[in-house]
Amino acid sequence: MDAQFTHNKVIWRPRDPSRSRMDCFRRVINRTRGLQLKDFHDLHKYSVDDYRFWEDLWAYTGIVYTVPPTKIITEGRIREVPEWFSGARLNYAENMLRSDGDSIACTCVRETGQIVHYTFRQLKSLVREMAAALRVNGLQAGDRVAAVVTNSVTAVVVAFATASIGGIFSSTAPDMGVQGILDRYKQIQPKFVFAETEIVYAGKTIDVIPKVTQVAKELLSVGLQNIILLPSTKTGKEPSTAYVPRSISLSAFLASGDGRPLTFEQLPFSHPLYILYSSGTSGPPKCIVHSAGGILLNGLKDCSLVYSMTSDDTYFQYTTTGWMMWNSLVNTLGCGTRIVLYDGSPFQPDVETFLKLVSDQGVTIFGTGPRFLSEVKGQGIEPLKLAPFDSLRCILSTGAILTAPMFEWTQQAWAPDVWVLSVSGGTDICQACVPMLPVHAGEIQGKSLGMKVEIFDPDGKNIEDTGEPGELVCTRPHPSLPICFWGDKGDKKLRASYFDTYPGVWRQGDFIVKNPKTQGFVILGRSDGVLNPSGVRLGSGEIYSVMEWFSDVLDDTLCVGQRRPEDKDERILLFVKMRPGHTFSEDLAEKIRVAIRQSLSARHVPAYILPIEDIPYTVNNKKIEIAVKQIVSGSNIKPSGTVANPQALQLYYKFRYLEKVLEEHKKDSKTKAKL
């Protein structure tokens, strides 16, 4: 696997690691525990060897509580998921709203250009008003509140008001299909649903009422009490409630409140806070329940220790409310950090306008994804010629693999002192962010504190120091493990999803390799999407890394394995989507083969490189490899509502008859040659 690390040179070094919040934390532990932890590696070892680390983190981050914990960790409902900080009583929303001044908490931006600021004092007042209405209308601890909303202050207010009472919040974005919404919300049976009625995306005005009406009708049979309709994001006009059953306008719902003061129910550390979902691209999504304490403590660890966020910072993560990065974004309010809530397309009216917004708003930490960065590069945009970005100190990439070439380009496109990093791990067991270590292009810097990350081979042997790829696992429990799947009797689905492959050990589902020289990590792809030609396991991320060299002509690529019932071995298929004005040719295909062979190895070279009109993505902007692999291998897939462009999947069915497709391509080539 040495070829994987050929381009992983150092692109960033911390100016003064000893002044980072993380190193300050190390020194505090040394003083309070009488230890001699010398560096990050010593600190990490302590964090995964001694559960008192979590007690140290609790104290350092200043968790607000009314009753202290009696024990750090005790046996949980199931052996794999222990109970943390038993006896403690706290409230997540109270910790998020600990700031109560006139500094800005949320800056809400719409693609239409509208910008509205809300201070922490105003945010708390809005939460008080919403919580009063929810209480009057019967919300109790444990009830579910769902939302089909844009990324706005209303989403934050509903989430925090729900949490203040002890309700459980769950959200999706309005672009999700009716079936995708119902696949989620029929399982969790919400008492209240907050829904948009008219939105604007990519310059188009979209009427959401027909979708909301269908959702409301279906949810009535599973306990829906009210669906609260939000005003138009375009005009601010109140919606009609005539056609949506059990509906009430947001203004009328808020008016039903009794003006009572905001109170925070004091709840156990393990009390449920959020329900998130697996992708569900080819089946019903799993309803993943996260605890208030786990989200709070691990979130404060990241924003306080990793990013050193304070009230002087502004965090802009491009996300929708249907992705866990939204939950991560709002979590930083607990550090007093201003967050930017953006609603709309980053390409409307154009990429340049979006990038100027990042600079104009004084963003210090900008969260985006490889696809957006590739688009900036592909359009030949030079960010520093657009705006100064003089506040920016960190660019955080997540959602997909950030390849080594894109790492280098991003670093060069902004500035040498901007920290470019890649984050991985929806449940936060592996992350890129270690402010005390250098960044190597294409690599995750190191292991997250408190996460005992290892790499297992199929037999459960740790191979992380061999340079060979394997399964990403976490061999020690931590507070941000999901506490359950909603409706999963006996926890059978939870165990099957995470703990069955290696009994009792969390398997993340990522195929990963560690660089023995730098100690950094490279995620090669999802485990179930691993390429396996002739029994050799390879990751699609390795192929994508080389494809960045062709970004001037290729708009996008998708790499999957194909093994039909009649095939003896699996073969690699590489689908390429051309940029406008460029056409696919055998000459281009040969250049790609040579580049892959020289950069990686002969076994990485795809059996076939094929042009395609579109690449399927989820609504959270993640490539859909697994469903395409299943389709080209002979399975019929019914796309769920999480697929952003389900029509794209239809393009791949013909490739299960690969020989026929190749024969047609050959005939077309001969015809063109004669012409």
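- Going by an unreviewed UniProt entry, the protein chain carries the name Acetoacetyl-CoA synthetase and comes from Somion occarium.
- Check the Sequence similarities (unreviewed entry) section of the UniProt entry for the protein chain; it says "Belongs to the ATP-dependent AMP-binding enzyme family."

**Here's the deal with the packing of helix H1 (residues 21-33) against helix H3 (residues 52-61)**
- Remark: H1 packs on H3, axes separated minimally by 11 Å, with the N-to-C direction vectors making an angle of 115°. With respect to each other, H1 and H3 are oriented roughly perpendicular. As H1 runs across H3, the sense of the crossing is right-handed. Touching Arg 21, Cys 24, Phe 25, Val 28, Ile 29 and Arg 33 of H1 are Arg 52, Phe 53, Glu 55, Asp 56, Leu 57 and Tyr 60, all from H3.

**Focus on the sheet that holds strand E27 (residues 521-526)**
- Spatial strand order, E23-E24-E26-E27: four strands in an open sheet with antiparallel pairing. Edge strands, defined here as strands with exactly one partner in the open sheet, are strand E23 (453-456) and E27. The average angle at which neighbouring strand axes cross in this sheet is 45°, direction not considered.

**Looking at the sheet that holds strand E30 (residues 608-611)**
- Strands sit in the order E28-E29-E30 across an open sheet of three strands; the sheet is mixed. Both edges of this open sheet fall to strand E28 (554-562) and E30, since each of them pairs with a single strand only. Averaged over neighbouring strand pairs, the angle between their axes works out to 25° when direction is ignored.
- Relative to strand E29 (residues 571-578), E28 is paired through eight bridges, and the arrangement is antiparallel. Directly across from Thr 557, in E29, lies its bridge partner Val 576.

**As for helix H13 (residues 370-378)**
- Listed in full, the buried residues belonging to H13 are Pro 370, Phe 372, Leu 373, Ser 374, Glu 375 and Val 376.
- On its buried face, H13 sits against helix H12 (351-360), strand E19 (365-368), helix H14 (383-386), strand E20 (394-397), helix H15 (404-413) and E28.
- Two residues or fewer past H13, Gly 380 is found with a positive phi of approximately 70°.

**Considering the packing of aromatic side chains**
- Using the criterion set out here, one finds 36 aromatic pairs in the structure.
- Here the aromatic rings of Phe 366 and Phe 372 are separated by 6.4 Å at their centres, their planes lie at 85°, and the arrangement is edge-to-face. Per residue, the accessibility class of Phe 366 equals that of Phe 372, and both read buried.
- An angle of 70° between the planes, with centres 4.9 Å apart, marks the rings of Phe 575 and Phe 655 as edge-to-face. With a gap of 80 residues between them, Phe 575 in strand E29 and Phe 655 in the loop between helix H20 (647-650) and helix H21 (658-674) connect regions that are remote in the sequence.
- Counting every residue linked through ring pairs, the aromatic cluster contains Phe 316, Tyr 318, Tyr 342, Phe 347, Phe 354, Phe 366 and Phe 372.
- The ring of Tyr 617 carries Arg 371 above its face, with NZ or CZ at 3.8 Å from the centroid.
- Looking at Arg 476, its charged tip hangs above the ring of Tyr 51, at a distance of 3.7 Å from the centre.

**Quick word on unusual backbone geometry**
- A cis amide bond links Gln 348 to the next residue, Pro 349, at an omega of 0°.
- Examined against the element boundaries, Pro 349 turns out to sit in the loop between strand E18 (338-343) and H12.
- In this structure, Phe 389 is a non-glycine residue whose phi angle is positive, near 50°.
- Examined against the element boundaries, Phe 389 turns out to sit in the loop between H14 and E20.

**Describing the pattern of salt bridges**
- Applying the stated criterion across every chain, the model contains 38 salt bridges.
- Between Arg 26 and Asp 23 there is a salt bridge, with its nearest N and O atoms 2.7 Å apart. Taken together, the residues Arg 26 and Asp 23, both in helix H1 and three residues apart, mark about one turn of the helix. This pair shows no difference in class: Arg 26 is buried, exactly as Asp 23 is.
- Between Arg 260 and Asp 258 there is a salt bridge, and its shortest N-O distance comes to 2.7 Å.
- According to the relative accessible area criterion, Arg 260 is partly exposed, its value standing at 32%.
- Look at the salt bridges and you will find they share partners, linking Arg 564, Glu 566, Asp 567, Arg 571 and Glu 659 into a network.

**Side note on H12**
- Taken together, the buried positions of H12 are occupied by Val 351, Phe 354, Leu 355, Leu 357, Val 358 and Ser 359.
- Of the residues that open H12, the one with a side-chain oxygen 3.4 Å from the backbone nitrogen of Glu 352 is Asp 350.
- A positive phi of about 65° marks Gly 362, the residue just after H12.

**Considerations on the nonpolar core**
- If you look at the biggest cluster of nonpolar residues, it comprises 142 residues, and the most contacted ones within it are Tyr 92, Leu 123, Met 130, Phe 160, Phe 194, Tyr 307 and Trp 414.
- Here the element with the most residues in this core is helix H6 (residues 153-165); it accounts for ten residues.
- Residue contacts for Trp 414: discarding those within four places in its chain leaves Leu 355, Leu 373, Pro 383, Leu 384, Phe 389, Leu 392, Ile 395 and Trp 409.
- Grouped together as the second largest cluster of nonpolar side chains are 43 residues, Met 578, Ala 595, Ile 596 and Leu 610 included.

**Quick notes on the pairing of strand E24 (residues 470-474)**
- A large share of E24 lies buried, amounting to five of its five residues.
- One ladder, built from four bridges, connects E23 with E24; its direction is antiparallel. Pairing of Phe 456 across the sheet is with Glu 471, part of E24.
- As paired elements, E24 and strand E26 (residues 506-514) share four bridges and run antiparallel to each other. The partner of Glu 471 across the bridge, within E26, is Phe 511.

**A word on the environment of Gly 223**
- Looking at the element boundaries, Gly 223 is found in the loop between helix H8 (209-219) and strand E13 (226-229).
- The exposure class of Gly 223 is partly exposed, given its relative accessible area of 46%.
- Taking the C-alpha atoms as reference points, Gly 223 and Phe 550, 327 residues apart in sequence, are found 52 Å from one another.
- Beyond its immediate stretch of four places on either side in the chain, Gly 223 contacts Pro 190 and Lys 191.

**Comments concerning the pairing of E26**
- Burial analysis of E26 places nine of its nine residues in the buried class, the great majority of the element.
- Both E26 and E27 contribute to a ladder of five bridges, which runs antiparallel. From the neighbouring strand, Phe 511 faces E27, where its bridge partner is Gly 525.

**Concerning the packing of H12 against H13**
- Across the interface, H12 lies against H13 with an axial gap of 11 Å and an inter-helix angle of 115°. Relative to H13, H12 is oriented so that their crossing is left-handed. Note on element contacts: H13 touches H12 through Phe 372, Glu 375 and Val 376, opposite Val 351, Phe 354 and Leu 355.
- Looking at the contact of H12 with H13, its residues break down into five nonpolar, no polar and one charged.

**Focus on the UniProt feature "domain: Acetyl-coenzyme A synthetase N-terminal" (unreviewed entry) in the protein chain**
- Feature annotation in UniProt places "domain: Acetyl-coenzyme A synthetase N-terminal" (unreviewed entry) on residues 41-95, given in this structure's numbering.
- Taken end to end, residues 41-95 has its terminal C-alpha atoms 30 Å apart, with 42% of it in helix and 27% in strand.

Parameters at a glance
- Residues numbered from 1 in each chain as written.
- Predicted model: local features only at pLDDT ≥ 70, side-chain atom pairs only at ≥ 80, totals over all residues.
- Heavy atoms only, no water.
- UniProt positions renumbered as here; feature names shortened; annotations may be inferred.
- Axes fitted to C-alpha atoms, helices over the stretch in contact; angles between N-to-C directions.
- Helix = DSSP H or I, 4+ residues; strand = E, 2+ residues; numbered from the N terminus.
- Parallel < 35°, antiparallel > 145°, perpendicular 65-115°, else oblique.
- Left-handed = near helix turned anticlockwise from the far one by under 90°.
- Contact = heavy atoms within 4.5 Å.
- Pairing = 2+ DSSP bridges.
- Buried < 20%, exposed > 50% of the residue type's maximum accessible area, 1.4 Å probe, protein only.
- Phe/Tyr/Trp six-rings, centres within 6.5 Å; stacked < 30°, edge-to-face > 60°.
- Lys NZ or Arg CZ within 6 Å of the ring centre and 35° of its normal.
- Salt bridge = Lys/Arg side-chain N within 4 Å of Asp/Glu carboxyl O.
- Polar contact = N/O pair within 3.5 Å; in protein donor to acceptor, adjacent residues only side chain to side chain.
- Core = buried A, V, L, I, M, F, W, Y, C linked by side-chain atoms within 4.5 Å.
- Nonpolar A, V, L, I, M, F, W, Y, C, P; charged D, E, K, R; others polar.

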